[in-house]
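Residues per chain are reported as follows:
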Amino acid sequence: MVDEEKIWEYLEEVSDPEIPVLTVVDLGVVRSIDVQNNHVEVTITPTYSGCPAMKVIEEDIIEKLHDRGIKNVSVKLTLSPAWTTDWISEKGKQKLREYGIAPPENEVDKSVLFAEPTKVTCPNCGSKNTKMVSQFGSTACKAHHQCLECLEPFDYFKCLK
Amino acid sequence: MNTQEALFEYTLRIGDDSLILAHRLSEWCGHGPILEEDIAMTNIALDLIGQATTLLEYAGEVEGKGRTGDDLAFLRFDRQYKNLLLVEQPNGDFGMTMMRQFLFDAFRKPFFEKLIGAKDLRLSAIAEKSLKETKYHLKHSSEWVIRLGDGTMESHNRIQESLNTLWRYTNELFYSDEVDALLIKEGLIPNMSEIFDIWNENVKNVLAEATLTIPSNNWKQDGGRKGYHSEHLGYILAELQYMQRAYPNMEW
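Parameters at a glance
Residues numbered from 1 in each chain as written. Chains lettered and ligands numbered in written order. Predicted model: local features only at pLDDT ≥ 70, side-chain atom pairs only at ≥ 80, totals over all residues. Contact = placed C-beta atoms within 7 Å. Nonpolar A, V, L, I, M, F, W, Y, C, P; charged D, E, K, R; others polar. Helix = DSSP H or I, 4+ residues; strand = E, 2+ residues; numbered from the N terminus. Expected span 1.5 Å × (residues − 1). Buried ≥ 20, exposed ≤ 12 C-beta atoms within 10 Å, placed from the backbone. Pairing = 2+ DSSP bridges. Axes fitted to C-alpha atoms, helices over the stretch in contact; angles between N-to-C directions. pLDDT = per-residue confidence, 0-100. Parallel < 35°, antiparallel > 145°, perpendicular 65-115°, else oblique. Left-handed = near helix turned anticlockwise from the far one by under 90°.

Draft legend 1. Representation of the interface of chain A and chain B. Each side of the interface is counted separately: chain A has 18 residues, and chain B has 25 residues. Here the side of chain A that touches chain B is composed, by residue class, of ten nonpolar, seven polar and one charged.

So this is what it looks like as structure tokens:
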């Protein structure tokens, strides 16, 4: 009998292809695991519509579970409810910070034009004296910021709600 | 036309808007005026490609003739594309691209907000996902319209010229015909009639802030929803479809 708890543990070993420091569980893209007889169905959701990592994540999950002796696996993609940065675990946020990516701050008001963007804490030196260079960064889920204290440029995992 | 045919047509229209605009934006890849904007435009293109993928896959399922999202994207002829004329207009200069994007994003945001309420659960889920991205797009394009409009004499004149060129295509954003009417009657999609007011209000405010003048010429062009396109679409498709036409069924 396949144990659902065990599968969650195994998926903790599958890293996100674009931010390898996070697992797919930390990132919150694994939504549910359904065990029926000996069949395992893992439901995942994309961070952004065009996220090119989804296919790789699907293959990595299947491969990992195969390695662990679970052969009968399928992966289902769901869009609703839509992924939000709130689903990144606390552990995940800590890992991001250590990796040099600022984790999402609580809220970014997208409706107000030219509003002062949220002050993002520099993952390098911890200063709040930072500026946004561009809303769009190295991947769909990140924005490009710079620290005005240590001058280090850094990625910010932008808030999506 | 039955409900299934109408739903296919409706999904195709929204999917083609995303697909063709994504293609236009991706033409900027490597040509952006600054690195950050090169990355921004291709990021937005990627979001739109993602939307097009889910929409065209769904359209294929609704049609029930075994066509995949890729089949619909790569193997139709120009008259079978149902995108808005606005999204196929050439990039022009950076200001023209931002103005086109702004007029479209200002429509897409209230459109997706409404579509979340669709009884059709797939459309509702796609709208919920896409709306989050669209908010970022609209903020980006609005800021550039304001910055260029309220910028130098040169940037002001050029983006005003872009607005004058593109304005004639904005009425088509609100095009509706028997396809919409049937789906609304069947209760699958909500009535979209209020989104014109939301669009109009937002566009007026941003253009005022940008010190731009809404053209007084009220000539309006449509046809895209019925497959009647400007000459530009053919060139887009020639590039988009080249690989599949030259090497049928190729994958990489």
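Next comes the rest of the account.
Draft legend 2. Highlighting helix α7 (residues 153–166) of chain B. All names here are of chain B. Taking 1.5 Å as the rise per residue, α7 with 14 residues should run 20 Å; its terminal C-alpha atoms sit 20 Å apart, in good agreement. Within α7 the residues assigned to the buried category are R158, I159, Q160, S162, L163 and L166. Lining the buried residues of α7 we find α4 (85–88), α5 (94–115) and α6 (121–149).

Draft legend 3. Region of the structure containing the sheet that holds strand β4 (residues 101–102) of chain A. Residue and element names in this part refer to chain A. As summarised here, the arrangement of the four strands in space is β4-β7-β6-β5, forming an open sheet in which the pairing is mixed. The sheet is open, and its two edges are formed by β4 and β5 (130–134), each paired on a single side. Judged from the two bridges that link them, β4 and strand β7 (residues 153–157) form a sheet pairing that is parallel. Its bridge partner being in β7, I101 is matched across the sheet by D155.

Draft legend 4. Region of the structure containing the sheet that holds strand β3 (residues 73–77) of chain A. All names here are of chain A. Spatially, the three strands line up as an open sheet ordered β1-β2-β3, and their pairing is mixed. A strand with exactly one partner marks an edge of an open sheet, and here the two such strands are β1 (30–36) and β3. Put simply, the sheet's adjacent strands are angled 20° from each other on average, direction ignored. Here β1 pairs with strand β2 (residues 39–44) via six bridges, running antiparallel. Across the sheet, V30 pairs through a bridge with I44, a residue of β2. Packed on one face of the sheet, helix α1 (residues 4–11) meets β1 and β2 and runs near 140° to β1.

Draft legend 5. Examining the confidence of the model for chain B more closely. Predicted confidence across chain B gives a mean pLDDT of 96, with 100% of residues reaching 70 or more. What the predictor reports for the complex is a pTM of 0.90 with an ipTM of 0.79.

Draft legend 6. Molecular detail of the pairing of β7 of chain A. Residue and element names in this part refer to chain A. Buried residues dominate β7, accounting for four of its five residues. The pairing of strand β6 (residues 142–147) with β7 spans five bridges and is classified as antiparallel. Its bridge partner being in β7, K142 is matched across the sheet by F157. Connecting β6 to the antiparallel partner β7 that follows it, the hairpin turn spans five residues, and L151 within it adopts a positive phi of roughly 65°.

Draft legend 7. A look at the packing of helix α2 (residues 35–63) of chain B against α6 of chain B. All names here are of chain B. Contact pair α2 / α6: the axes reach a minimum separation of 11 Å and the direction vectors enclose 165°. The angle between α2 and α6 falls in the class roughly antiparallel. Every pair of crossing elements has a handedness; the one defined by α2 and α6 is left-handed. Packed against α2, whose contacting residues are A40, I44, D47, Q51, T54, L55 and Y58, the element α6 presents R122, I126, S130, E133, H137 and H140 at the interface. Residues of the contact of α2 with α6, tallied by class, amount to five nonpolar, five polar and three charged.

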